[in-house]
Every structure is written in structure tokens, then in C-alpha cells.
Amino acid sequence: MFEISPYLFSRMAKYGGMTMKSAESTGNTSRSVIRALTLLNEIGGDSRSVSDLSAKLNLSKGTVHSLLKTMEKYDFIEQEKESGRYSLGPAILKLASQKMNKSNLMISATKHLQKFSNEYGETTHLAVPNGLTALVLLKIESQTVRYTLKTHTDVGTRLSALHCTSLGKMLLAHLPESDVNEYIEKGLKKYSDKTITDPDVLRAELEATRKRGYSLNLGEFEDGLHSLAVPLKDFKGKLVAIINFTAPAVRMSEDKVIALYPELQQVAARIADEVLM
């Protein structure tokens, strides 16, 4: 069964269950490598501070900082500007995506999303929760139309604009209230004239999303771009992933976008039946 992001990424970083104690006995040649891998494993799908990692792994702050900066140079780690905390970077996320291409979920999602994209001529995505971001693991373009919509949500993208994207709204709708409050406290950045910037309006939108089963982005992130997302849940009702389709507003009005909700929901149901139930 597919596990959500912290497990996935820890699998990418894990070094055969190696602990810091056993790492110390392997010699100087591999010690730094093992320490770096242990750091990646500890960060997993979260974001961590130097102090947290230092205390958890019993390493000096200087050692942890040096290892993080080295990995940051090669995009395996990135530092969040506001908090200063560290999380996995694009390089390791792309490796995780390549690994996940072989998983049952990715195989099933690719098959069904490709069929949807081909039938309706629109681009589809699959993303998984990654802290207060949505990590894009699949981007599928239609094979039946000459000109497809080019989006900025490529594989490996960590989507942080949750309040104005369909993938992001669906994630927020399933997060604990404390996490939603934390996200709102950072400020609701305005990306277009239609972006929701009022916390109360956003909370009402999230409640509506939970009730109706889909989330909408109607030019809120980028003018002229519409999208709709639905959740993928396991047999316990836990959010595992999110799928959506995006379309230009000139081709897909709000009514047309919403009219495709049952079709996308069927795609989600088929994927869930194959690998999550």
C-alpha cells in the first residue's frame, strides 16, 4: 500500500537502518556520507531546524550546519526563507518521483490520468501532502491535442501557495485546524485579483470543499487558469494524494470545469480501488 510523503522520502534517504552509533564505527571515509543520509532520513517529509537535528542525532550544530549547506549546494536540501528550517530539495524529490514511478499508485494514476487527459485534452497532476506544501509527483499532458496548457507545476514542485490552487485547497481542507491557522498566520499572498486573502473567506471555502468533495481554482493563482481537484483516500479515509486537472479559462468556463467533477471523481475511485482499498 502507498504511504504518504514522510515515509516515501525517508525510504529514499534511508541507509539500511544505519544509526549514528553504527556510523561512527565505519571509518572516516564513509562517516560523512552516512551522517548526510541520516540527516535526510530524519528530515523526511517535514522541515527541521539545525537545533532539532543536532539534538536528535547527537551531533554538534556546526557539523549539522556544514552537512546541510553541502547538500543544499546540490539541491538535496533547501532552506525555508521565513523559518530558516530545512526540508528536502528538488534533487531528492525528483529521485523520489523516479522511484515512485514504479509503485502501484503511480502506475495506476498514470494510466487513469492519461486516459482522462486524452479524453478531455487537459493537463492532470497528482500531488502528495508534504508538510504545509503539496509535492507534485505526476504531471500528465494530453496526447490527443497539439497544444496543451503549459503549467508551472512540474514534477518535483513543492506547491506552497495552498490558498489559491485546487491542489492546495484540498490539502488545507484535510489538515488539522492548527496547521491551517499556522498557514494563514504566514499571510495569504495575493497572486491575482481573484485570490482569497481574507482568512474567514478561506475557512468558508475549505468547509465548502469538504462538503462538496472537490476544490476549485478559478483564476486565483494565475489569471485565465482554472482547475479542479479531488482527494485520494485510503480505506481509513485518510488523505493519501490529490489529483486535479487544469485548463485555460477560454476553453473551460466555471460551469464546464465543475461539470467534469464526476468524471475526475471516478478516476480517483478507480485508482483507490486498485491500490488503496
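About the criteria used
Residues numbered from 1 in each chain as written. Predicted model: local features only at pLDDT ≥ 70, side-chain atom pairs only at ≥ 80, totals over all residues. Heavy atoms only, no water. Buried < 20%, exposed > 50% of the residue type's maximum accessible area, 1.4 Å probe, protein only. Helix = DSSP H or I, 4+ residues; strand = E, 2+ residues; numbered from the N terminus. Arc of directions from axis to C-beta. Phe/Tyr/Trp six-rings, centres within 6.5 Å; stacked < 30°, edge-to-face > 60°. Core = buried A, V, L, I, M, F, W, Y, C linked by side-chain atoms within 4.5 Å. Contact = heavy atoms within 4.5 Å. Expected span 1.5 Å × (residues − 1). Polar contact = N/O pair within 3.5 Å; in protein donor to acceptor, adjacent residues only side chain to side chain. Salt bridge = Lys/Arg side-chain N within 4 Å of Asp/Glu carboxyl O. Axes fitted to C-alpha atoms, helices over the stretch in contact; angles between N-to-C directions. Parallel < 35°, antiparallel > 145°, perpendicular 65-115°, else oblique. Left-handed = near helix turned anticlockwise from the far one by under 90°. Nonpolar A, V, L, I, M, F, W, Y, C, P; charged D, E, K, R; others polar.

Colleague: Even after reading the chapter, I still don't get helix 4 (residues 50-57), so can you show me in this structure?
Modeller: For an α-helix the count is 3.6 residues per turn, leaving residues at separations of three or four pointing the same way. If you check which residues of helix 4 are buried, you get Val-50, Leu-53, Ser-54 and Leu-57. The arc that holds the buried residues of helix 4, viewed along the axis, is 100 degrees, so those residues lie on one side. The exposed set on the far side of helix 4, more than 90 degrees from its buried face, consists of Ala-55 and Lys-56. Two residues or fewer past helix 4, Asn-58 is found with a positive phi of approximately 60 degrees.

Colleague: Would you mind going over the environment of Leu-95 with me for this structure?
Modeller: Looking at the element boundaries, Leu-95 is found in helix 6 (residues 90-100). For Leu-95, a relative accessible area of 36% translates into the label partly exposed.

Colleague: Please clarify how the packing of aromatic side chains should be interpreted in this entry.
Modeller: Geometrically, a pair of aromatic rings is defined through the distance of the ring centres and the angle of the planes. Evaluation of the coordinates by the stated rule reveals 4 aromatic pairs. Ring plane angle 40 degrees and centroid distance 5.5 Å describe the contact between Phe-116 and Phe-245, whose orientation is recorded as tilted. With a gap of 129 residues between them, Phe-116 in helix 7 (residues 104-120) and Phe-245 in strand 8 (residues 239-248) connect regions that are remote in the sequence. Considered together, Phe-116 and Phe-245 belong to a single accessibility category, that of buried residues.

Colleague: Please clarify how the nonpolar core should be interpreted in this entry.
Modeller: Most often, soluble globular proteins have nonpolar side chains that are buried together. In this structure, Leu-68, Leu-126, Leu-232 and Ile-243 are the most contacted members of the largest nonpolar core, which totals 49 residues. When residues of this core are assigned to their parent elements, the largest contribution, 6 residues, is made by helix 12 (residues 261-275). Ignoring anything within four residues of it in the chain, the contact list for Leu-68 reads Leu-39, Ile-43, Val-50, Leu-53, Ile-77 and Tyr-86.

Colleague: Teacher, can you tell me more about unusual backbone geometry here?
Modeller: Peptide bonds are trans in most cases, and residues, glycine excluded, mostly fall at negative phi. Despite not being glycine, Asn-58 shows a phi value in the positive range, around 60 degrees. Relative to the helices and strands, Asn-58 is located in the loop between helix 4 and helix 5 (61-73). Taking relative accessible area as the criterion, Asn-58 reaches 71% and is therefore assigned exposed. Positioned with a positive phi, Asp-75 is a non-glycine residue whose angle comes to about 70 degrees. Its location among the elements puts Asp-75 in the loop between helix 5 and strand 1 (77-79).

Colleague: Just checking my understanding: could you explain helix 10 (residues 199-212) for this structure?
Modeller: Relative to the 20 Å expected for 14 residues at 1.5 Å per residue, helix 10 spans 20 Å between its end C-alpha atoms, a close match to the ideal helical length. If you check which residues of helix 10 are buried, you get Leu-202, Glu-205, Leu-206 and Thr-209. Looking straight down helix 10, one finds its buried side chains confined to an arc of 100 degrees; they lie on one side. In helix 10, the exposed positions that point more than 90 degrees away from the buried face belong to Asp-200 and Lys-211. The distance from a side-chain oxygen at the start of helix 10 to the backbone nitrogen of Asp-200 is 2.8 Å, and the residue carrying that oxygen is Asp-198. Count one or two residues on from helix 10 and you reach Gly-213, which has phi positive near 90 degrees.

Colleague: How should the pattern of salt bridges be read in this particular structure?
Modeller: Opposite charge on two side chains lets them pair, provided their charged atoms get close. Under the criterion given, the structure shown has 13 salt bridges. Here Glu-274 makes a salt bridge to Lys-111, at a shortest N to O gap of 3.3 Å. Remark: Lys-111 occurs in helix 7 and Glu-274 occurs in helix 12; sequence separation between them is 163 residues. Residue Glu-274 is classed as partly exposed on the basis of its relative accessible area of 42%. Put simply, Asp-154 and Lys-139 hold a salt bridge, and the shortest N to O gap is 2.8 Å. Here the residue Asp-154 occupies a position in the loop between strand 4 (133-140) and strand 5 (158-159), and Lys-139 occupies one in strand 4, the gap between them amounting to 15 residues. By relative accessible area, Asp-154 is classed as partly exposed at 39%. A single network of salt bridges, built from pairs that share partners, joins Lys-169, Glu-205, Arg-212 and Glu-220.

Colleague: I keep staring at the side chain of Ser-215 and nothing clicks. Help me out?
Modeller: In this fold, Ser-215 is placed in strand 6 (residues 215-218). On the basis of relative accessibility, which here comes to 0%, the residue Ser-215 falls in the buried class. A distance of 2.6 Å separates the side chain of Ser-215 from the backbone oxygen of Ser-166, its partner in a polar contact. Beyond its immediate chain neighbours, meaning those up to four positions away, Ser-215 contacts Ser-166, Lys-169, Met-170, Thr-209, Ser-227, Leu-228 and Ala-229.

Colleague: Looking at this model, I keep getting lost on the packing of helix 7 against helix 12. Mind explaining?
Modeller: Packed helices, taken two at a time, are described by the angle their axes make and the gap between the axes. Running from N to C, helix 7 and helix 12 point in directions that differ by 160 degrees, and their axes come no closer than 9 Å. With respect to helix 12, the element helix 7 is oriented roughly antiparallel. In this structure, helix 7 meets helix 12 at a crossing whose hand is right-handed. Judged by residue contacts, Asn-104, Leu-105, Ser-108, Ala-109, Lys-111, His-112, Leu-113, Phe-116 and Tyr-120 of helix 7 engage Glu-263, Leu-264, Val-267, Arg-270, Ile-271, Glu-274 and Val-275 from helix 12. A per-class count over the contact of helix 7 with helix 12 returns 9 nonpolar, 3 polar and 4 charged.

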